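# Fold and geometry: a report
Residue-level listing of the chains:
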Amino acid sequence: MPLRLKVNAIAFFERPLVFARPFRFGAVTITASTQLFVRVEIEVEGKGRATGASAEMLAPKWFDKRPHLTEAQSLDGLRRSLAVARELYLTNRTFETAFALHTACIGPQVATCAAQDIPPLAASFGPAEIDKAILDALLRVAGANFFDGMTGNIAGIDARLTPDLDDAAIARFLSTRKRIDRVAVRHTVGMDDKVEGEGGVADAGENAGARYFKLKLNGDPAHDAARLARIGSELARLPYATKVTLDANEQYADLAALSALVDRLDHDAALEPIAANLLYIEQPMPRDITKASPLGTLGARSFIIDEADDCYDAFPQARALGYRGISSKSCKGIYKSIINATRAAAWSADSRYFISGEDLTCQAGLGVQQDLALGALIGVTHAERNGHHYVDGFAETPADEADAFLIAHPDLYTRAGGKVRLAIHDGDLLTGSIAAAPGFASSIHPDWSTMQPLKRPTPRASQEQTA
């Protein structure tokens, strides 16, 4: 029987996050941002109280790419999403399962955020981060690690938000999960990243021995094809086989532009090293155009949605349009990832559908560990990892805290170049230590005393004047 809980306190904290190199994707280049930390205190019926935690980078101009917003205004939307969710989760004073609490809050969350001009994807950020921290606390009360707790459905996930599934299908999917021991790193090649030579895509010091690569696109078929040809030539130099994925971050204007890219992949000999090893193309068009544009014959190439995944109905809707997959990102919601993985498994009885592991620069510590655990639960065998590449180790995290994570999770971190950083073993991340103790993928919490309270959003009136 799933445990029931109520939330007594929710607090938000932040740390500055400076990148080691610029990361350009879509229409934005990130050189610095903020890492969010969530701390919750819950009371579990008949079991007592516990504290849980989660972490995530606040990514500008990803959740909400509307051109009239500045980067600061897009981050304000995420802070508002968190504030709305905090009020909703604390208002519910009855004991509920973790998923029932999420279910009770997600509708009002989206509606309240819409009234504040926050779109659904950004609206889901607040509940996603609070849900992770609640689950961490719940697992600690139960004395269960993430994988054992979730196979037993400790959160009480059911089909009340997904009429295309039933409760039994979800419970059956969870009960059959086995932790993946190794998850391969998919190395991101951003639009400003070097392609050839030292520091390029074939440099082992740069790609950490990755066998999977994620290549960013800018939406211009000719430009993208030329750059992909250069990358393909470099990857062909590696002494082992590689696989690639392409990610346009909504930059392809329409089906005509997308067709031009696919035509080049199908017929341009210079793109053969890419085309022959291409697993899927991720979120090529803007989310609103995506939802109105069936892929038709383009669906012969596997496409997935990412930014268009803004509600529980998104995957069935995308499937009807010809899409084969959907991304898992803990910043979009752990429960939605599990539901979508259940769907992919059920649909694959007739044809191949899948869930992929993507990343919004999950940082070393709680962020990367919780996202890694989610993927290792639902069957993600390779996952994009930006944090180890664009950020120097634990970045601004105090040395004592970074050392504590290294001691607690020695298979996941190493000390190199004077920094504690992600340990990549022959291109893989190991998942053993994140299953070794009660809690959501971490035996320790960050040092709250070294953080600042999360900055409050700008008052809406002044934000609207700037817009």
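The rules we used
Residues numbered from 1 in each chain as written. Predicted model: local features only at pLDDT ≥ 70, side-chain atom pairs only at ≥ 80, totals over all residues. Heavy atoms only, no water. Helix = DSSP H or I, 4+ residues; strand = E, 2+ residues; numbered from the N terminus. Rg over C-alpha atoms; globule rule 2.2 N^0.38 Å. Buried < 20%, exposed > 50% of the residue type's maximum accessible area, 1.4 Å probe, protein only. Contact = heavy atoms within 4.5 Å. Areas by Shrake-Rupley, 256 points an atom, 1.4 Å probe, with all protein chains shown as cover. Lys, Arg positive; Asp, Glu negative; His and termini not counted. Charge placed at Lys NZ, Arg CZ, Asp CG, Glu CD. Disulfide = S-S within 2.5 Å. Arc of directions from axis to C-beta. Pairing = 2+ DSSP bridges. pLDDT = per-residue confidence, 0-100. Right-handed = clockwise from strand over helix to strand, strands pointing away. Salt bridge = Lys/Arg side-chain N within 4 Å of Asp/Glu carboxyl O. Polar contact = N/O pair within 3.5 Å; in protein donor to acceptor, adjacent residues only side chain to side chain. Expected span 1.5 Å × (residues − 1). Axes fitted to C-alpha atoms, helices over the stretch in contact; angles between N-to-C directions. Parallel < 35°, antiparallel > 145°, perpendicular 65-115°, else oblique. Nonpolar A, V, L, I, M, F, W, Y, C, P; charged D, E, K, R; others polar.

### Brief notes about the overall build of the chain
Scanning the chain for helices and strands turns up 17 helices and 15 strands. For the chain, whose C-alpha radius of gyration is 21 Å, the value lies close to the compact-globule estimate of 23 Å for 467 residues. Taking the principal axes of the C-alpha coordinates as reference, the chain spans close to 65 × 50 × 50 Å. Residues counted as buried form 60% of the 467 residues belonging to the chain. In the chain, the share of contacts with a sequence separation of at least 24, taken over all contacts with a separation of at least 6, comes to 76%. In the structure as shown, the chain presents an accessible area of about 16,900 Å², 52% of it carried by carbon and sulfur atoms. With 50 positive and 58 negative side-chain charges, the chain shows a separation of 2 Å between the mean positions of the two kinds.

### Some thoughts on the environment of Ile170
By the element assignment, Ile170 lies in helix α6 (residues 167-175). Sequence separation of Ile170 and Asp426 is 256 residues, and the distance between their C-alpha atoms is 34 Å. For Ile170, the contacting residues outside a window of four places in its chain are Ile157, Asp158, Ala159, Thr162, Leu165, Ile339 and Thr342.

### Examining the state of the cysteines
Under the counting rule described, the total for this entry stands at 0 disulfides. Between Cys113, a cysteine without a disulfide, and Cys105, which holds the nearest cysteine sulfur, the sulfur-to-sulfur distance is 12 Å. On the basis of relative accessibility, which here comes to 0%, the residue Cys113 falls in the buried class. The closest cysteine sulfur to the non-disulfide-bonded Cys311 is located on Cys113, 15 Å from its own sulfur. With relative accessibility at 29%, the residue Cys311 sits in the partly exposed group.

### Comments concerning helix α16 (residues 399-408)
Among all positions in α16, only Glu401, Ala402, Phe405 and Leu406 are buried. Seen end-on, α16 carries its buried residues on one side only, within an arc spanning 145 degrees. Seen from the buried face of α16, the exposed residues on the opposite side, beyond 90 degrees, are Ala399, Asp400 and Ile407. Taken together, the buried residues of α16 touch β1 (5-25), α14 (366-378), β12 (413-416) and β13 (419-422).

### Topic: the sheet that holds strand β3 (residues 48-58)
Ordered in space as β3-β2-β1-β15, the 4 strands form an open sheet in which the pairing is antiparallel. Edge strands, defined here as strands with exactly one partner in the open sheet, are β3 and β15 (452-453). Strand direction decides the pairing type here: β1 and strand β2 (residues 28-44), joined by 16 bridges, are antiparallel. Bridge pairing links Phe12 to Val38 in β2.

### So, the pairing of β3
With respect to burial, β3 is a largely interior element, 8 of its 11 residues being buried. In textbook terms, the turn of a hairpin is the stretch between consecutive antiparallel strands, and for β2 and β3 this stretch comprises 3 residues, one of which, Gly46, has a positive phi near 75 degrees.

### Digging into the confidence of the model for the chain
Residue-level pLDDT values for the chain average 95, and 98% of them are 70 or greater. Here residues 462-467 scores under 50 on pLDDT; set against residues more than four positions off or in separate chains, the count is 7 contacts.

### Here's the deal with the pairing of strand β6 (residues 243-247)
A large share of β6 lies buried, amounting to 4 of its 5 residues. Where strand β5 (residues 212-216) and β6 come together, 5 bridges link them in parallel fashion. Bridged to Leu215 within β6 is Leu246. You can see the chain leave β5, run along helix α8 (residues 221-235) and come back into β6, and the turn it takes is right-handed. In the sheet, β6 pairs with strand β7 (residues 278-282) via 4 bridges, with the strands oriented parallel. Each bridged residue has a counterpart across the sheet, and for Val244 the counterpart in β7 is Leu278.

### What to know about the pattern of salt bridges
Per the stated rule, a full pass over the model turns up 37 salt bridges. Between Glu250 and Lys65 there is a salt bridge, with its nearest N and O atoms 2.7 Å apart. Within this pair, whereas Glu250 is found in the loop between β6 and α9 (255-267), its partner Lys65 is found in the loop between β3 and α1 (71-91), the two being separated by 185 residues in sequence.

### Here's the deal with the side chain of Glu56
Along the chain, Glu56 falls in strand β3. Within the structure, Glu56 has its side chain in polar contact with the side chain of Lys132 (distance 2.7 Å). Excluding anything up to four places from it in sequence, Glu56 contacts Thr34, Gln35, Leu36, Phe125, Glu129, Lys132, Ser330, Cys331 and Cys362.

### A closer look at helix α13 (residues 334-347)
Between its first and last C-alpha, α13 extends 20 Å over 14 residues, near the 20 Å set by a 1.5 Å rise per residue. Among the 14 residues that make up α13, 12 are buried, leaving the element largely enclosed by the rest of the structure. Among the residues making up α13, those that are buried are Ile334, Tyr335, Lys336, Ser337, Ile338, Ile339, Asn340, Ala341, Thr342, Arg343, Ala344 and Trp347.

### A look at the packing of α6 against α13
Between α6 and α13, the least distance of the axes is 10 Å, while the angle of their chain directions is 95 degrees. In terms of orientation, α6 lies roughly perpendicular with respect to α13. Taken together, the residues of α13 that come into contact with α6 (itself represented by Ala169, Ile170, Phe173 and Leu174) are Ile338, Ile339, Ala341, Thr342 and Ala345. Counted by class, the contact of α6 with α13 contains 8 nonpolar, 1 polar and no charged residues.

### As for unusual backbone geometry
A positive phi angle is found at Glu250, which is not glycine, with a value near 75 degrees. Even without being a glycine, Asp426 presents a positive backbone phi close to 50 degrees. By secondary structure assignment, the location of Asp426 is in the loop between β13 and β14 (428-430). Residue classification places Asp426 among the exposed residues on the basis of a relative accessible area of 66%.

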